[in-house]
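Commentary on secondary and tertiary structure
One letter stands for each residue in the lines below.
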Amino acid sequence: MKQDNSLTILLIEGSRGNHPAFSCALRQGYRVTSAPTGRAGLAIIHALNHDLVIVDAASMGTSGVRICQSYRKTSCELPIILIADHSVSLPKDIDANCVIHLPFTVQKLANRIDVYQPTDGKFIMKSGPIELNMQTQLVTCQEKQTRLTPRLVKILEILMRNHGKVVKRDPLFKSVWETEYTGDTRTLDVHISWLRQAIEEDPRHPRLIKTVRGVGYLLDL
């Protein structure tokens, strides 16, 4: 793992015997403060100026939903990475910026962490009235601010990069879901609906994200 001491991480990691520990590996590349429980982490979250919280819920035998919720209430802007067991089902509106299901390599975790390196605004996208922070996953439009899920961020990013052009359904679905299967893209319609709720003044009569029937979607600015 590369040495990069610019990032300070609060790692919530339990001691479940059959679960891999990440603290030692992460300390080779980042400044890491560890806490054995969510409550213990809350007690020290303001002691250091942390850039990121990693909640290893799998190491504590929990889903991590309540822990992420408590951290989001304490610091709404702080990015949260949740490590979950592969068998855990999580709600779509979980208070985490990124969810990684076991098993995975330490390098994959490091790749997710590096997204949240301190920057000079290179993760900010602006198109018309829309401002998307891909680091914090916050979208601001017409004085309304909403935290998006990772897939909604990716959909909006693609629409913003192609604003004024029709983005076809199948390529959009393949890119966001990272699959070649496009037999059922109705879930894309649901995500577009959620995205409209985040940025449209009247989601039932969208003026920004328009549907081009039989083709795809158009971000009209």
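Residues numbered from 1 in each chain as written. Predicted model: local features only at pLDDT ≥ 70, side-chain atom pairs only at ≥ 80, totals over all residues. Heavy atoms only, no water.

Structural notes on the overall build of the protein chain
Rules: In this text, helices come from DSSP runs of H or I with a minimum length of four residues, and strands from runs of E with a minimum of two, each type numbered from the N-terminal end. The size measure is the radius of gyration over C-alpha atoms, and the globule rule it meets is 2.2 Å times the number of residues to the 0.38 power. Using a 1.4 Å probe on the protein chains alone, a residue whose accessible area is under 20% of its type maximum counts as buried, one over 50% counts as exposed, and one in between counts as partly exposed. Any two residues whose heavy atoms approach within 4.5 Å at even a single point are treated as in contact. Accessible surface area values rest on a Shrake-Rupley calculation with a 1.4 Å probe, where residue burial reflects the displayed protein chains alone. When charges are tallied, Lys and Arg are placed among the positive residues and Asp and Glu among the negative ones, while His and the ends of the chain are skipped. Note on charges: their place is set at NZ of Lys, CZ of Arg, CG of Asp or CD of Glu.
What the protein chain contains, in helices and strands, is seven helices and 12 strands. Relative to the 2.2 N^0.38 estimate, which gives 17 Å for 221 residues, the radius of gyration of the protein chain is 19 Å and therefore close to what a compact globule would have. A principal-axis box enclosing the C-alpha atoms of the protein chain has dimensions of 55 × 35 × 30 Å. When burial is assessed residue by residue, the protein chain has 44% of its 221 residues classed as buried. Residue pairs at least 24 apart in sequence account for 55% of intrachain contacts in the protein chain once pairs closer than 6 positions are excluded. Counting only carbon and sulfur atoms, one obtains 48% of the accessible surface of the protein chain, whose full area is about 11,800 Å². If you average the places of the 28 positive and of the 22 negative side-chain charges in the protein chain, the two averages end up 2 Å apart.

A short note on the packing of aromatic side chains
Put simply, the rule is: Note on aromatic pairs: the rings of Phe, Tyr and Trp (six-membered ring only in Trp) are paired at centre separations within 6.5 Å, and the planes decide the class, stacked below 30 degrees, edge-to-face beyond 60, tilted for the rest.
Summed over all chains, the structure comprises two aromatic pairs. Between the aromatic rings of Phe173 and Trp177, the centroid separation amounts to 4.7 Å while the plane-to-plane angle is 15 degrees, which identifies the pairing as stacked. Of this pair, Phe173 and Trp177 both sit in helix H6 (residues 169-177), four residues apart, which is roughly one turn of the helix. Note on Phe173: relative accessible area 5%, which makes it buried.

Section: helix H3 (residues 65-74)
Rule in force here: What the arc measures is the spread of directions leading from the helix axis to the C-beta atoms.
Among the residues of H3, Ile67, Cys68, Tyr71 and Arg72 are the ones counted as buried. Each buried residue of H3 lies within a common arc of 135 degrees when the element is viewed along its axis, so the set occupies one face. What points out from H3, more than 90 degrees from its buried face, is the exposed set Arg66 and Lys73. Residues of H3 that are buried make contact with strand E1 (8-13), helix H2 (38-44), strand E3 (52-56), strand E4 (80-84) and strand E9 (144-147).

Topic: the sheet that holds strand E5 (residues 98-101)
To be explicit about the condition: Here a strand pair is declared whenever DSSP counts at least two bridges between the two strands. The axes used here are C-alpha line fits, helices contributing only the stretch in contact, and every angle between their N-to-C directions lies in the interval 0 to 180 degrees.
The strand order across the open sheet built from five strands is E2-E1-E3-E4-E5, with neighbouring strands paired in parallel fashion. Here the strands that pair on one side only, and so sit at the sheet edges, are strand E2 (31-35) and E5. In this sheet, adjacent strand axes meet at a mean angle of 20 degrees when their direction is disregarded. Two elements, E4 and E5, share four bridges in a ladder whose sense is parallel. Residue Ile81 lies in a different strand from E5, and its bridge partner there is Cys98. Along the sheet, H3 contacts E1, E3 and E4; its crossing angle with E4, the most-contacted strand, is approximately 175 degrees.

Any link to function would need more than the numbers given here.
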